[in-house]
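# Structure at a glance
Each chain is listed here by its residues.
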Amino acid sequence: MRFLMFTSILVVLFHLCKLIWLWFRPAFLKSWGFDRPESKLMMSAYYLLSILVLAAYLADEWGYLRFIAGR
C-alpha cells in the first residue's frame with residue numbers, strides 16, 4: 001500500500017511539472033521532453049483532474065478525510 005502512495009505522490013509531482021510547462025513554458029523543462037504540442041485546455045483539465053483524484057486518494061489513506069468528516 002505504501003508503494004501505491006509513493007507512486008501517487010510521484011505522479012502528482014510529474015503532473016504539476018506538466019502543468020507548469022503547459023502554462024508557462026519554462027526553459028528548464030525543455031530538456032525533459034515536455035515540448036510536445038498539445039491542446040492547452042484539454043491537457044490542463046486532464047492534469048488537474050488526475051491531481052484531484054490522486055490527492056483525494058492520498059488524503060483518504062492518510063486519514064484526513066475522516067478527520068474532516070468528524071469521525
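Rules used in this analysis
Residues numbered from 1 in each chain as written. Predicted model: local features only at pLDDT ≥ 70, side-chain atom pairs only at ≥ 80, totals over all residues. Heavy atoms only, no water. Core = buried A, V, L, I, M, F, W, Y, C linked by side-chain atoms within 4.5 Å. Buried < 20%, exposed > 50% of the residue type's maximum accessible area, 1.4 Å probe, protein only. Helix = DSSP H or I, 4+ residues; strand = E, 2+ residues; numbered from the N terminus. Contact = heavy atoms within 4.5 Å. Expected span 1.5 Å × (residues − 1).

### Some points on the nonpolar core
Within the largest apolar cluster, five residues are counted, these being V12, L19, Y47, I51 and L54. Those elements that place two or more of their residues in this core are α1 (2–24) and α2 (40–62). The biggest single contributor to this core is α2, with three residues. In this view, Y47 contacts H15, K18 and L19; residues no more than four positions away in its chain are not counted.

### Some words on α2
An α-helical segment advances 3.6 residues per turn. Residues three or four places apart therefore align on the same side. Relative to the 33 Å expected for 23 residues at 1.5 Å per residue, α2 spans 32 Å between its end C-alpha atoms, a close match to the ideal helical length. Listed in full, the buried residues belonging to α2 are S44, Y47, S50, I51, L54, L58 and A59. In the stretch just after α2, G63 is the one whose phi turns positive, near 90°.

### Some words on the environment of F14
Among the structural elements, F14 can be located in helix α1. Spatially, the C-alpha atoms of F14 and Y47 are 9.5 Å apart, while their sequence positions differ by 33 residues.

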